[in-house]
Amino acid sequence: MDERLPLERYVTELFAVEDPILENIRARHAAENLPPINVSPEEGKLLHLLLLAIQAKRVLEIGSLGGYSGVWLARALPPAGTLITIEKDPHHARIAREAFRAAGLEGRVELIEGGALEVLPTLTPGFDAVFIDADKEPLPRYFDWGMRLLRTGGLLLCDNAFFHGAALDETDRSGNALGVRAFNKLAAADPRLVATIIPVRDGLVVGLKTRDSA
Ligand code: SAH
Ligand code: DHB
Ligand code: MG
């Protein structure tokens with residue numbers, strides 16, 4: 001099932017054609033019954049391009065799932081670069097590790113199995129980019145951690161800025177919707193960030209950390 005808009009397909013077919021490795025990762029997702037909530041090829045290509053633009057070497061991802069976005073991210077890093085990716089679900093973590101091995105990226109990716117709020121305090125600051133794509137209720141806390149762990153000049157990236165329209169629906173008081181709206185407001189207002197939402201797929205927050213303190 002392909003729910004993407006014709007315009008999204010157009011972008012994918014022109015700019016974000018998958019190689020067999022990425023195709024296989026998505027096939028494996030389906031075979032293993034992982035939820036089909038990985039980034040799309042055009043969003044993956046955008047993440048990849050953003051990392052290349054800042055010559056990222058050390059990147060953090062929160063929410064690995066089956067490794068699809070991780071492969072797009074890690075492929076933008078130099079051979080000595082590192083993607084640290086956090087995943088709490090052991091089944092997802094196993095599939096993601098297999099994906100990184102299949103893509104020849106195992107030397108560049110460190111998957112840490114555990115809950116993000118337990119793992120984040122153990123990490124050393126100085127990341128070039130942080131891509132947030134896990135549970136939505138704690139998003140304000142992931143915002144604080146992202147800002148703490150990013151270097152000045154680094155990119156704060158967060159998937160599902162629209163959350164299927166829930167971001168715009170003030171009557172939706174679910175924990176997920178509240179988390180997404182709170183994150184977007186923090187990103188928009190923080191004087192350390194220059195940020196916007198790129199309306200790719202379900203919305204991608206892109207923020208450049210231009211200074212360390214207000
Ligand atoms: N970035 C992936 C998709 C991630 S889906 C891609 O585009 O390919 C969200 C993932 O976050 C799921 O695998 C889920 O198990 C994981 N997750 C949810 N809450 C988490 C938490 N608190 N800590 C770590 N991982 C979490
Ligand atoms: C959903 C999609 C996502 O990209 C995500 O990170 C979490 C949930 C969803 O469609 O429910
Ligand atoms: Mg997502």
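The structure we're discussing is the one just above.
Scope of this entry: the structure provided in the associated data block. (Residues numbered from 1 in each chain as written. Chains lettered and ligands numbered in written order. Predicted model: local features only at pLDDT ≥ 70, side-chain atom pairs only at ≥ 80, totals over all residues. Heavy atoms only, no water.)

So, unusual backbone geometry
Among all residues save glycine, negative phi is the norm, and among peptide bonds the norm is trans. Selection criterion: Strands here are runs of E lasting at least two residues and helices are runs of H or I lasting at least four, both read from the DSSP assignment and numbered beginning at the N terminus.
With phi around 60°, Asn 33 is a residue other than glycine that occupies positive phi space. Inspection of the secondary structure puts Asn 33 in the loop between α2 (20–31) and α3 (41–53).

Focus: helix α5 (residues 90–102)
The condition is simple: One fewer than the residue count of a helix, multiplied by 1.5 Å, yields its expected span. Any two residues whose heavy atoms approach within 4.5 Å are treated as being in contact.
Across its 13 residues, α5 extends 18 Å between first and last C-alpha, which sits within 8% of the 18 Å expected from 1.5 Å per residue. On its buried face, α5 is in contact with α2, α4 (68–74), β2 (82–87) and β3 (109–113). In the stretch just after α5, Gly 104 is the one whose phi turns positive, near 70°.

Section: the layout of surface pockets
Convention followed: Residues are called lining when one of their atoms sits within 4 Å of a cavity or pocket point, these points coming from a 1 Å grid over the protein atoms alone, where a cavity is a set in which a 1.4 Å probe fits but cannot get out and a pocket is an open set with protein on both sides within 12 Å along at least five of seven lines. Grid points are joined across faces, edges and corners, and a volume is the space filled by probe spheres set on the points.
Volume-wise, the largest pocket comes out at about 1,300 Å³. Around the largest pocket, the lining comprises 50 residues; the ones closest to its centre are Pro 35, Pro 36, Ile 37, Asn 38 and Arg 201. Elements with a minimum of two residues in the lining of the largest pocket: α2, α4, β2 and α6 (116–119). Take the lining of the largest pocket: its biggest share by element is 5 residues, from α2. Looking at the second largest pocket, its volume works out to about 170 Å³. Lining the second largest pocket we find Leu 7, Glu 8, Val 11, Phe 15, Ala 16, Glu 42, Lys 45, Leu 46, Leu 49, Pro 199, Val 200 and Arg 201. Of all the elements in the fold, those that place two or more residues in the lining of the second largest pocket are α1 (6–15) and α3.

A look at the coordination of the magnesium ion (ligand 3)
For clarity, the threshold we go by: The donor definition counts N, O and S atoms within 2.8 Å of each metal and applies 3.2 Å to Na, K and Ca; water is not among these atoms, so some sites may look incomplete. Burial status follows relative accessibility: with a 1.4 Å probe on protein chains alone, a residue under 20% of its type maximum counts as buried, one over 50% as exposed, and anything between as partly exposed.
Protein coordination at the magnesium ion (ligand 3) comes from Asp 133 (OD), Asp 159 (OD) and Asn 160 (OD1), with a distance range of 2.0 to 2.1 Å. Along the chain, the residues that donate to the magnesium ion (ligand 3) are spaced as D-x25-D-N. Note that Asp 133 is positioned in the loop between β4 (127–132) and α7 (139–149) and Asn 160 in the loop between β5 (150–159) and α8 (175–189), a separation of 27 residues in sequence. With relative accessibility at 14%, the residue Asp 133 sits in the buried group. For Asn 160, a relative accessible area of 7% corresponds to the buried category.

Take it as geometry only, folks, not as evidence of what the structure does.
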